Amino acid sequence: MTLALGIDTSTQSVKALLVDADDGTVVAQRAVRHPAGTEVDPQAWLAAVDEVLAALPPAQLRDVAAVGVGGQQHGMVALDAEDRPVRDALLWNDTRSAGAAADLVAEMGGPQACADAIGSVLVASFTVTKLRWLRDHEPERAARVARVLLPHDLVARHLSAPGTDPFTDRGDASGTGYFATAEGRWRPDLAAAALGHEPDLPRLVAPGGVAAHTPDGAVVSAGTGDNMAAALGMALGPDDVLVSLGTSGVASAVSARPVADGTGVVTGFADAAGGFLPMVTTMNAAGILDLQAQWLGVDHDGLADLALESTPDAGGVVLSPYYGGERSPYRPTATGTWTGLTPRTTRADLARAAYTALLCSLADAVDQVVAATGVEPRRVLLVGGAARSRAVRALAPAVLGRPVTVVPPGEYVALGAARQAAWALAGSDAPPTWAGPEAEVLEAEPDPQVRATYADLRERTASWT
Ligand SMILES: Nc1ncnc2c1ncn2[C@@H]1O[C@H](COP(=O)(O)OP(=O)(O)O)[C@@H](O)[C@H]1O
Ligand SMILES: O=C(CO)[C@@H](O)[C@H](O)COP(=O)(O)O
């Protein structure tokens, strides 16, 4: 059997799938956790990759003919002339560069000019804002930066033969802030303007191209951002919206045309197949439920049970879940807010309010993506760690106000990375056609009141940060 290895080096963990390159059947999978936090020693990702590979069946690893890597977007991996990190990587959810983002947008001529140049309005997540933060706050380190990579670039090069020059793809490049997304070319001038000098940038590999080979001779594909890889893994069609509930919450859709939303609500990324991936990203997603479970002293199943005991209005309790600052809506210094707590509030109400907040924030994101593409979705698909939750699945259709398509829990970023690898191996014009996961459509009466209550709190807290 010819196998493709798909790796997802995501915010919380690295996941690896061994997949039959002909039909996409998963034959083995493993995961290893990453250190927590919004700045991480990139060496920890490489160690986790080595660990996850060592855990895969060696006999099957020997049959791997192609490797692909999907990774958390935007993270700044700044390397010196000896290829050593000048500091820990700053991740997409690190908001210290919010001021730098505002400065760069102003320097580029304002939000619409910024979106016209790179496809998106810069927020603190984008790599380029982290380069500016570095210049302004750690100038000695900034001066030593010779090259800037993204997390997936680093991992893909780690898996390639020694001496391979770094590479990336247009999907992940479109989240840097120094890439003209509509034209598909680097803007080294924008990287230089942020950092103070021009760093080396990885070579761009075309969708489906062969980027490198492993020491054993397997093909290495370009890799891509995790959201682009998820779109490939789900074989997203033009009338689908993908909702991912991982560390971030994401609503995305593939589009043949680039988007340049000057309001900054929708980021106009490229996808991994030659098109575009308009997307809305929240910073607080699965973590809302992790925190709630911790506070209530239960596990995820227990939290789901509790939430389903409460009422749709959660006994009047409403949560604005922007605990770690937020990006959609853009409130980098926000904190969480609870309202409606009374002597009658139960643990079940608190649990329910957490799910409602998560789903309402994603419902906003879905509406915004639909408005940007102008395509009413045929399917809204749910993936990511928190999509495993019984309560998320039960409550999503009413809150999102649309039928929701669920697939078996799985690692769809890693699957997409494996599909890209199989594509590069085949040398075909398009990715291989694999039978998609079995899908189930969940329906419920829409509950606009839940969203209205959430929207009211969202607006009331707008001026608090
Ligand atoms: N049954 C569940 N209910 C709610 N959250 C869950 C469940 N299973 C996993 N998660 C959460 O999903 C998150 C991991 O999702 P994942 O998509 O792998 O994240 P990332 O790709 O950002 O690393 C963790 O926060 C984890 O606690
Ligand atoms: O910043 C974004 C997208 O713009 C995030 O979606 C990251 O790509 C991290 O993804 P997960 O680890 O949550 O999957």
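Analysis parameters
- Residues numbered from 1 in each chain as written.
- Chains lettered and ligands numbered in written order.
- Predicted model: local features only at pLDDT ≥ 70, side-chain atom pairs only at ≥ 80, totals over all residues.
- Heavy atoms only, no water.
- Phe/Tyr/Trp six-rings, centres within 6.5 Å; stacked < 30°, edge-to-face > 60°.
- Lys NZ or Arg CZ within 6 Å of the ring centre and 35° of its normal.
- Domains from an automatic or database assignment.
- Contact = heavy atoms within 4.5 Å.
- Buried area = accessible area lost by both parts, 1.4 Å probe.
- Salt bridge = Lys/Arg side-chain N within 4 Å of Asp/Glu carboxyl O.
- Helix = DSSP H or I, 4+ residues; strand = E, 2+ residues; numbered from the N terminus.
- Buried < 20%, exposed > 50% of the residue type's maximum accessible area, 1.4 Å probe, protein only.
- Pairing = 2+ DSSP bridges.
- Near = heavy atom within 4 Å.
- Polar contact = N/O pair within 3.5 Å; in protein donor to acceptor, adjacent residues only side chain to side chain.
- Areas by Shrake-Rupley, 256 points an atom, 1.4 Å probe, with all protein chains shown as cover.
- Nonpolar A, V, L, I, M, F, W, Y, C, P; charged D, E, K, R; others polar.

1. Here's the deal with the packing of aromatic side chains
- On inspection of all chains with the given rule, the structure shows four aromatic pairs.
- Each residue in the set Tyr178, Phe179 and Trp186 is aromatic and connected to the rest through ring pairs, giving one cluster.
- The lysine or arginine in question, Arg96, covers the ring of Trp133, its NZ or CZ lying 4.9 Å from the ring centre.
- Across the ring face of Phe276, the terminal group of Arg170 is positioned such that the distance to the ring centre comes to 5.1 Å.

2. Some words on the domain arrangement of the protein chain
- Per the domain assignment, the segments making up the protein chain are domain 1 (3-226) and domain 2 (235-406 + 435-465).
- Summarising the inter-unit geometry, the C-alpha centres of domain 1 and domain 2 are found 26 Å apart.
- The interface of domain 1 with domain 2 comprises 30 residues on the first partner and 27 residues on the second.
- Approximately 2000 Å² of surface area, both sides summed, lies buried where domain 1 meets domain 2, with 57% of it carried by carbon and sulfur atoms.
- Across the domain 1-domain 2 interface, the total number found is one salt bridge.

3. Here we look at the environment of Val210
- With respect to the element layout, Val210 can be found in strand S13 (residues 210-213).
- Spatially, the C-alpha atom of Val210 lies 18 Å from that of Met228, the residues being 18 residues apart in sequence.
- Filtering out sequence-adjacent residues up to four positions away, Val210 remains in contact with Val205, Val219, Val220 and Ala424.

4. Let's talk about the pairing of strand S19 (residues 276-282)
- The buried fraction of S19 amounts to seven of the seven residues, a majority that puts the element mostly inside the structure.
- Neither face of S19 is left uncovered, since the one carrying Phe276, Pro278, Val280 and Thr282 and the one carrying Leu277, Met279 and Thr281 both have all their residues buried.
- Of the strand pairs in this sheet, strand S17 (residues 249-252) and S19 are connected by four bridges, and their pairing is antiparallel. Looking at the pairing, Val250 lines up with Thr281 of S19.
- Pairing between strand S18 (residues 267-270) and S19: four bridges, direction antiparallel. Pairing of Ala270 across the sheet is with Phe276, part of S19.
- In this structure, the hairpin formed by S18 and S19 is closed by a connection of five residues, where Gly274 is found at a positive phi of approximately 105 degrees.

5. Some remarks on the site of ligand 2
- Around ligand 2 there are 15 residues in total, and Thr11, His74, Asp226, Ser248 and Arg327 lie nearest to it.
- At 2.5 Å, a side-chain N or O of Thr11 approaches an oxygen atom of ligand 2.
- Taking Asn227, its side chain carries an N or O atom lying 2.9 Å from an oxygen atom of ligand 2.
- When ligand 2 sits alone it has 370 Å² of accessible area, and the protein chains cover 96% of it.
- The set of elements that each furnish at least two residues to the shell around ligand 2 consists of helix H10 (226-233) and S19.
- Of the residues contributing to the shell around ligand 2, the split by class is four nonpolar, nine polar and two charged.

6. Some details on the site of ligand 1
- Contacts to ligand 1 come from 16 residues, most closely from Gln12, Lys15, Thr247, Asp290 and Gly385.
- Ser10 is positioned such that a nitrogen or oxygen atom in its side chain is 3.1 Å from an oxygen atom of ligand 1.
- Between ligand 1 and the protein, one listed contact pairs an oxygen atom with a side-chain N or O atom of Lys15 at 2.5 Å.
- Calculation on ligand 1 without its partners gives an accessible area of 580 Å², and the protein chains cover 81% of this total.
- Elements that contribute at least two residues to the shell around ligand 1 include exactly strand S2 (13-20) and helix H11 (286-296).
- Looking at the shell around ligand 1, the element that brings in the most residues is H11, giving three residues.

7. Things to note about the pattern of salt bridges
- Taken as a whole and judged by the stated rule, the model has 30 salt bridges.
- Asp200 is paired through a salt bridge with Arg147; the nearest N and O atoms lie 3.8 Å apart. Taken together, the positions of Asp200 in the loop between helix H9 (188-195) and strand S12 (203-204) and Arg147 in strand S8 (residues 147-149) put the pair 53 residues apart, joining distant regions of the chain.
- Put simply, Glu376 and Arg402 hold a salt bridge, and the shortest N to O gap is 3.2 Å. Of the two residues, Glu376 is situated in the loop between helix H13 (347-373) and strand S22 (379-383) and Arg402 in the loop between helix H14 (390-400) and strand S23 (404-406); the sequence distance between them amounts to 26 residues.
- For Glu376, a relative accessible area of 52% puts it in the exposed group.

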